[in-house]
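One-letter residues, chain by chain:
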Amino acid sequence: MFEPKIIAFYCKWCTSAGADLAGTSRLQYAPNIVGIRVMCSSRVDPEHILNAFKEGADGVLIGGCHPGDCHYKSGNYVTLRRITLLKTMMEDLGISADRLRLDWISAAEGKRFAEVVTEFTEQIREKGPLKKESLKEEAV
Amino acid sequence: MKKIGVFLCHCGINISATVDIEKAMEALKDYPGVAHIEDYKYMCSDPGQQLIKKKIKDLGLDGVVVCACSPTLHENTFRLTVKAAGMNEYKMEMANIREQCSWVHKDKTVATEKAIKIIKSVIEKARLDEALDPIEVDITRKAMVIGAGVAGIQTALNIANSGYEVILVEREPSIGGKMAQLSETFPTLDCSQCILTPKMVEVSNHPKIKLMTYSEVVDVSGFVGNFKVKVKRKATGLDWDVCNGCGLCTEKCPKKLPSEFDQGLGERKAIYRPFPQAVPNRVVIDFENCTYMQSGKCGICQKVCPVKAIDFDKEDKFVEEEVGAIICATGFETYSVKDIPEFGGGKLPDVVDGLTFERILSASGPTGGEVRRPSDGKVPKDIVFLECVCSRDPEHYLPYCSKVCCMYTVKHAMLYKHRVHDGQPYVFYMDMRTGGKGYEEFYQRAAEEDKVVFIRGKVSKLYQDDDKIVVCGVDTLSNETIEIRADMVVLATAIVPSKGIRELTKLLKIQIDQHGFLSEAHPKLRPVESLTAGVYLAGCAQSPRDIPDTVSQASGAASMVCTLFANEKLKHEPIIVGVNEDICSGCGICTVVCPYDARKTNLEKKLVEVNEVLCEGCGACAAACPSGAAQQNNYTDNQINAMIKAILGKGG
Ligand SMILES: Cc1cc2nc3c(=O)[nH]c(=O)nc-3n(C[C@H](O)[C@H](O)[C@H](O)COP(=O)(O)OP(=O)(O)OC[C@H]3O[C@@H](n4cnc5c(N)ncnc54)[C@H](O)[C@@H]3O)c2cc1C
Ligand code: SF4
Ligand code: FES
């Protein structure tokens with residue numbers, strides 16, 4: 001079976017805390033994801049995401065606080081704008097937009113964290129590996 | 001190259017049961033940058049910390065990766081460890097292989113592989129970490145307490161008695177909260193008012209406490225040590241500086257309304273003082289129900305006021321306060337009987353909730369402490385108390401235990417019996433939870449001395465039949481169905497967070513749990529702190545609890561505030577975003593995304609300048625900067641990209 005490689009970026013305040021709660025609640029989820037903890041989802045530069053695809057990720061998950069809940073007031077709105085824009089460009093670069101997922105997961109949503117990860121992993125598994133050849137020049 | 005020490009913790013067997021530590025060590029020992037690798041059963045224990053310190057000194061390590069639990073738990077612990085060994089604390093990184101690995105995967109091979117990836121990525125980050133110094137900022141040594149129930153009152157008094165100024169904000173006209181409504185308190189049965197009102201008076205007389213009742217927080221900015229809080233002071237319809245609380249207006253006002261304080265059983269006027277012992281001793285006009293405000297006629301209060309305090313001014317006022325710490329003590333409400341259709345949905349007057357029964361029992365209540373039922377004033381001879389109403393019922397209502405209902409129901413049954421000697425109280429319970437000093441004895445006394453009948457079971461429905469309430473349930477010990485024709489029923493409805501808590505926590509940037517109670521930084525070790533530095537929690541706002549627990553926690557929160565204020569300067573996290581002046585073109589794109597106005601374009605120099613104290617380090621600007629001139633300390637693009645590579649097996 002194809003085991004996708006997925007990189008997650010999530011903010012310290014909400015989604016990483018939600019992931020910790022999934023842990024303390026001993027929820028089980030797909031192991032394909034490895035997270036990078038940043039202070040806020042707005043730290044994630046579209047270049048980091050494209051870089052992850054270039055280096056072999058089959059999917060990228062961004063997790064932030066729910067709208068209005070960002071620890072830095074408005075960071076997640078910046079994230080939303082950036083990711084929406086990036087998605088429109090991804091197809092042109094040869095990466096299907098649904099390989100990138102942005103989700104709001106709060107510190108209380110351990111269960112949702114586990115569900116999102118498992119669901120996204122299955123979705124990427126179904127899509128199959130991101131073929132390097134299909135990546136257009138600009139992306140690489 | 002940097003010399004990094006990697007320290008793997010077994011966490012007893014919490015990590016080692018699913019992550020093969022030896023295999024991980026084997027896979028990591030030759031990873032670029034790793035100068036030393038070692039494991040230990042409990043890295044956070046003193047021997048564990050000593051081990052790290054020793055290796056830093058002996059081997060001259062200049063980077064440390066602790067592979068253990070979540071950094072939320074022990075980042076600070078290990079930062080202090082490495083600092084004590086002479087290393088810069090920002091060169092210590094934690095790899096979370098417990099919460100985000102060993103606890104969420106069962107397959108050892110899979111978990112070990114994932115742990116290795118996590119650790120490699122963190123080693124990459126550590127390789128590029130730079131020594132940072134915390135940014136020092138001044139502290140405003142003044143606290144704001146939001147909510148003036150017994151929790152807020154206790155916190156405010158403790159802080160003020162330590163010599164610091166406190167602003168106590170309460171949205172009702174008086175302080176006191178729910179405890180002011182209680183009759184007598186378990187397990188000692190001392191009168192609630194008698195133990196609370198002296199504290200209320202102390203608050204109002206305290207030179208260090210500024211009281212703002214009838215007020216609400218509407219905006220919060222800033223950070224620990226330096227918050228700016230905007231408070232709305234709701235219009236009272238009169239000048240409180242002039243009013244002396246004589247109460248003549250409340251006597252003469254012709255407009256009668258149900259009193260909230262008496263849970264709708266007693267009356268108040270359109271101009272009112274919530275209860276006689278209110279602090280401050282002032283009145284407010286209920287604009288929505290005031291005849292003068294609605295039709296321009298009446299104005300009797302204005303005519304009778306001997307000091308001419310009444311001005312009918314409807315303008316809310318806003319004040320800005322600067323404080324260094326905030327305590328959220330907004331308390332609780334009880335689940336409304338109106339929302340419980342199977343128990344009458346609030347339409348049966350003789351089915352009341354616990355707080356209403358407190359008012360009925362209270363000597364200062366609408367019946368003067370005589371137990372009389374609301375419908376016809378008759379003394380109930382058979383009375384049924386239901387515990388766990390909406391609590392511990394995950395399928396229909398709330399899953400959690402409201403903690404105080406067992407004890408207050410025992411109290412209610414007992415106090416009822418003390419007043420109605422020939423009456424019979426029945427209590428339906430799921431389990432009696434009487435943990436607490438003197439609590440079990442209290443319960444035994446109710447059963448043995450006061451002959452309260454305790455029935456283990458649940459009530460499925462109740463209905464009115466003539467002047468009786470028929471209570472239908474099952475005794476789960478004998479498996480018999482039970483029907484009691486009662487004169488009155490008291491529901492111990494669940495404790496829920498106070499209204500508006502969501503909006504307030506958004507302003508304070510603190511988290512709530514799935515039920516709306518405030519989340520603590522750590523359930524065991526940091527129970528009075530929120531995850532946002534400088535914001536603390538006290539009382540039922542965090543979870544249901546009784547007065548002794550509320551007061552202890554309130555004192556705990558106060559001591560945390562005093563600890564904060566005892567610092568000469570505050571240390572601000574240095575993971576801020578600077579500007580590389582050689583690269584910056586002054587385009588100003590970063591200034592647009594900064595939520596704190598920490599970045600300003602200097603048009604003359606064609607450069608962006610950063611106010612390091614204002615920067616909170618979210619990193620939004622770093623991601624926006626098109627040239628790479630804005631880099632976040634220890635979260636640089638190079639670091640993030642190296643982490644990505646390491647996770648995807650291309651690191652090193
Ligand atoms: C029926 C009943 C009987 C009880 N009997 C006992 C007993 O006998 N013994 C015992 O130990 N415990 C008893 N308890 C528990 C006790 O009432 C609580 O432990 C205690 O009142 C909690 O105090 P608090 O300050 O946390 O909350 P509260 O008393 O709810 O105080 C919170 C205050 O914050 C204010 N507030 C809320 N939101 C805001 C906002 N946004 N801005 C400004 N102000 C705000 C509220 O108006 C209120 O004044 C009983 C509880 C009930 C329901
Ligand atoms: S990191 Fe950048 S955007 Fe965030 S607060 Fe600091 S200067 Fe503003
Ligand atoms: S801190 Fe979570 S999205 Fe900004």
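Structural data are supplied above this passage.
Below or above, wherever it landed, is the structure these notes cover. (Residues numbered from 1 in each chain as written. Chains lettered and ligands numbered in written order. Predicted model: local features only at pLDDT ≥ 70, side-chain atom pairs only at ≥ 80, totals over all residues. Heavy atoms only, no water.)

1. Notes on the interface of chain B and chain A
Here is step 1 of the chain: Taken together, the contacts link 50 residues of chain B with 50 residues of chain A.
Here is step 2 of the chain: Surface buried jointly by chain B and chain A totals about 4300 Å² across both partners, of which 56% is contributed by carbon and sulfur atoms.
Here is step 3 of the chain: Scanning the region where chain B abuts chain A turns up four salt bridges.
Here is step 4 of the chain: Between Glu55(A) and Lys650(B) there is a salt bridge; the shortest N-O distance is 3.8 Å.
Here is step 5 of the chain: The tally of links between chain B and chain A comes to 19 residue pairs in polar contact (both at pLDDT 80 or more).
Here is step 6 of the chain: Listed by contribution, the elements that provide at least two residues to the side of chain B that touches chain A are α3 (71-84), α4 (98-102), α5 (108-128), α14 (501-508), α17 (620-624) and α18 (637-647) of chain B.
Here is step 7 of the chain: Ranked by residues supplied to the side of chain B that touches chain A, first place goes to α18(B) with seven residues.
Here is step 8 of the chain: Residue classes in the side of chain B that touches chain A are distributed as 22 nonpolar, 15 polar and 13 charged. (Contact = heavy atoms within 4.5 Å. Buried area = accessible area lost by both parts, 1.4 Å probe. Salt bridge = Lys/Arg side-chain N within 4 Å of Asp/Glu carboxyl O. Polar contact = N/O pair within 3.5 Å; in protein donor to acceptor, adjacent residues only side chain to side chain. Helix = DSSP H or I, 4+ residues; strand = E, 2+ residues; numbered from the N terminus. Nonpolar A, V, L, I, M, F, W, Y, C, P; charged D, E, K, R; others polar.)

2. Re the packing of helix α12 (residues 405-419) of chain B against helix α13 (residues 439-448) of chain B
Helices that pack against each other are described as a pair by the angle of their axes relative to one another and the distance between those axes.
Residues and elements named next belong to chain B.
Here is step 1 of the chain: Where α12 meets α13, the axes come as close as 10 Å, and the angle between the chain directions of the two elements is 35°. With respect to the hand of their crossing, α12 and α13 are arranged in left-handed fashion. Where α12 approaches α13, its residues Met-407, Val-410, Lys-411 and Met-414 are matched on the opposing element by Tyr-439, Phe-442, Tyr-443, Arg-445 and Ala-446.
Here is step 2 of the chain: A per-class count over the contact of α12 with α13 returns seven nonpolar, no polar and two charged. (Axes fitted to C-alpha atoms, helices over the stretch in contact; angles between N-to-C directions. Left-handed = near helix turned anticlockwise from the far one by under 90°.)

3. Overview of the sheet that holds strand β11 (residues 215-223) of chain B
Residues and elements named next belong to chain B.
Here is step 1 of the chain: Pairing is antiparallel across the open sheet formed by three strands, whose spatial order is β11-β12-β17. Of all the strands in the sheet, the pair left with one neighbour each is β11 and β17 (317-323). Taking each pair of neighbouring strands and ignoring which way they run, the sheet shows an average axis angle of 20°.
Here is step 2 of the chain: As judged from the seven bridges shared by strand β12 (residues 226-233) and β17, these two strands associate in the antiparallel manner. Counted as the bridge partner of Phe-227 is Val-323 from β17. (Pairing = 2+ DSSP bridges.)

4. What about the sheet that holds strand β3 (residues 59-64) of chain A?
Residue and element names in this part refer to chain A.
Here is step 1 of the chain: Read from one edge to the other, the open sheet built from four strands follows the order β2-β1-β3-β4, with strand pairing classed as parallel. Lying at the two open borders of the sheet, with one neighbouring strand each, are β2 (33-38) and β4 (100-104). The mean inter-strand angle of the sheet, taken between neighbouring strand axes irrespective of direction, is 20°.
Here is step 2 of the chain: Across five bridges, strand β1 (residues 6-11) lies against β3 in parallel orientation. Along β3, the bridge assignment pairs Ala-8 with Leu-61.

5. A closer look at the site of ligand 1
All names here are of chain B.
Here is step 1 of the chain: Among the 35 residues in the neighbourhood of ligand 1, the closest are listed as Glu-170, Lys-178, Lys-411, Arg-545 and Ile-547.
Here is step 2 of the chain: In the model, an oxygen atom of ligand 1 is placed 2.5 Å from a nitrogen or oxygen of the Glu-170 side chain.
Here is step 3 of the chain: For ligand 1, an oxygen atom lies 2.9 Å from a polar atom in the backbone of Phe-186.
Here is step 4 of the chain: Compared with its free state, where it exposes 1000 Å², ligand 1 has 97% of that area covered by protein.
Here is step 5 of the chain: Sorting the residues of the shell around ligand 1 by element identifies α6 (150-161), β8 (184-185), β19 (332-334), α11 (354-361), α12 and α15 (547-565) as the ones contributing at least two each.
Here is step 6 of the chain: The class makeup of the residues in the shell around ligand 1 is 15 nonpolar, 11 polar and nine charged.
Here is step 7 of the chain: Here the shell around ligand 1 spans two domains, since at least three of its residues come from each of domain 2 (142-331 + 497-565) and domain 3 (333-496). (Near = heavy atom within 4 Å. Areas by Shrake-Rupley, 256 points an atom, 1.4 Å probe, with all protein chains shown as cover. Domains from an automatic or database assignment.)

6. Side note on the packing of helix α2 (residues 46-59) of chain B against α3(B)
Residues and elements named next belong to chain B.
Here is step 1 of the chain: In contact at an axis separation of 8 Å, α2 and α3 are set at 40° when each is read in the N-to-C sense. With respect to each other, α2 and α3 are oriented oblique. Two packed elements cross with a definite hand, and for α2 against α3 that hand is right-handed. Within the contact between the two elements, α2 uses Gln-49, Ile-52, Lys-53 and Ile-56 and α3 uses Thr-77, Phe-78, Thr-81, Val-82 and Ala-84.
Here is step 2 of the chain: Within the contact of α2 with α3, the residues separate by chemical class into five nonpolar, three polar and one charged. (Parallel < 35°, antiparallel > 145°, perpendicular 65-115°, else oblique.)

7. Concerning empty space enclosed by the protein
Here is step 1 of the chain: Applying the stated rule across the entire model yields eight cavities of 30 Å³ or more.
Here is step 2 of the chain: There is about 330 Å³ of room inside the largest cavity.
Here is step 3 of the chain: Forming the boundary of the largest cavity are 25 residues, of which Gly35(A), Arg37(A), Met94(B), Asn96(B) and Val122(B) lie nearest the centre.
Here is step 4 of the chain: Elements supplying a minimum of two residues to the lining of the largest cavity: α1 (15-24) and β2 of chain A together with α3, β4 (92-96) and α5 of chain B.
Here is step 5 of the chain: Residues that form the lining of the largest cavity fall into these classes: 13 nonpolar, six polar and six charged.
Here is step 6 of the chain: Of the volumes computed, that of the second largest cavity is approximately 130 Å³. (1 Å grid on protein atoms, 1.4 Å probe; cavity = no way out; pocket = protein on both sides within 12 Å on 5 of 7 lines; lining within 4 Å. Points joined across faces, edges and corners; volume = space filled by probe spheres on them.)

8. Remarks on unusual backbone geometry
Note: most peptide bonds trans; most residues except glycine with negative phi.
Here is step 1 of the chain: The omega torsion of the bond from Phe186(B) to Pro187(B) falls at -5°, within 30 degrees of zero and hence cis.
Here is step 2 of the chain: In this fold, Pro187(B) is placed in the loop between β8 and β9 (190-191).
Here is step 3 of the chain: With an omega of 0°, the peptide bond between Val279(B) and Pro280(B) qualifies as cis.
Here is step 4 of the chain: One can find Pro280(B) in the loop between β15 (271-272) and β16 (284-285).
Here is step 5 of the chain: Despite not being glycine, Arg26(A) has its phi angle at roughly 55°, a positive value.
Here is step 6 of the chain: Mapped onto the fold, Arg26(A) is located in the loop between α1 and β2.
Here is step 7 of the chain: Classification of Arg26(A) by relative accessible area gives partly exposed; the value is 40%.
Here is step 8 of the chain: For Lys606(B), which is not a glycine, the phi torsion comes out positive at approximately 55°.
Here is step 9 of the chain: Within the secondary structure, Lys606(B) is located in the loop between β30 (599-602) and β31 (607-610). (Buried < 20%, exposed > 50% of the residue type's maximum accessible area, 1.4 Å probe, protein only.)

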